[in-house]
Amino acid sequence: EIHWRRCLYDSVEEPLDLIIASYVQMEVKGQVSRDVLVKRLWSRLRPGGVLVLIEPGTPTGFRFMHNTRELLISRVGPDNF
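Chemist: Please provide a residue-by-residue account of the nonpolar core, values included.
Modeler: Membership of the largest hydrophobic core is limited to 10 residues, which are Ile19, Ala21, Leu37, Val38, Leu41, Leu45, Leu51, Leu53, Leu71 and Leu72. Counting only elements with at least two residues in this core, the list comes to β1 (16-22), α1 (31-43), β2 (45-54) and α2 (59-76). Beyond its immediate stretch of four places on either side in the chain, Val38 contacts Gln25, Leu53, Thr68, Leu71 and Leu72.

Chemist: Could you give an account of the environment of Phe64, with specific residues and numbers?
Modeler: Examined against the element boundaries, Phe64 turns out to sit in helix α2. A residue is classified by how much of its surface remains accessible, and Phe64, at 11% relative accessible area, is buried. Placed 10 residues apart in sequence, Phe64 and Ile54 show a C-alpha to C-alpha distance of 10 Å. Contacts of Phe64, omitting those with residues within four sequence positions, involve Gln25, Met26, Gln31 and Arg34.

Chemist: Please set out a nonpolar patch on the surface residue by residue, giving values where relevant.
Modeler: On the surface, Leu18, Ile20, Tyr23, Val50, Val52 and Ile54 cluster together to form a nonpolar patch covering roughly 520 Å² of accessible area. Those elements giving two or more residues to the nonpolar patch turn out to be β1 and β2. The element contributing the most residues to the nonpolar patch is β2, with three residues. Relative to the helices and strands, Ile20 is located in strand β1. Under the relative-accessibility criterion, Ile20 is labelled exposed at 57%.

Chemist: How would you sum up α2? Please name residues and give values.
Modeler: Between its terminal C-alpha atoms α2 stretches 26 Å, which fits the 26 Å expected from 18 residues at 1.5 Å a residue. Gly61, Phe64, Thr68, Leu71, Leu72, Ile73 and Val76 are the residues of α2 that are buried. Summarising the contacts, the buried residues of α2 are in contact with α1 and β2. Positioned one or two residues after α2, Gly77 has a phi angle of 90 degrees, which is positive.

Definitions and limits used
- Residues numbered from 1 in each chain as written.
- Predicted model: local features only at pLDDT ≥ 70, side-chain atom pairs only at ≥ 80, totals over all residues.
- Heavy atoms only, no water.
- Core = buried A, V, L, I, M, F, W, Y, C linked by side-chain atoms within 4.5 Å.
- Buried < 20%, exposed > 50% of the residue type's maximum accessible area, 1.4 Å probe, protein only.
- Helix = DSSP H or I, 4+ residues; strand = E, 2+ residues; numbered from the N terminus.
- Contact = heavy atoms within 4.5 Å.
- Patch = residues over 30% accessible without salt bridge, like charges linked within 9 Å, V, L, I, M, F, W, Y side chains within 5 Å.
- Areas by Shrake-Rupley, 256 points an atom, 1.4 Å probe, with all protein chains shown as cover.
- Salt bridge = Lys/Arg side-chain N within 4 Å of Asp/Glu carboxyl O.
- Expected span 1.5 Å × (residues − 1).

As structure tokens, then:
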């Protein structure tokens, strides 16, 4: 069963199997806010769920993805990543 959610705050609170966020971090101002967004997305996944983040292939996009990678590794541990 597939459900399309346009925004994070849709009313469904059940855990999700897959979240795809494309070019989202570029729109969020401030690293703290981007970190909160990634943590919120990660927390919406059911165990074994997949979070797919897509950002432009630019130096800025790379920095966002690198920071997100470090955030997730520190949050879930390198062995569970």
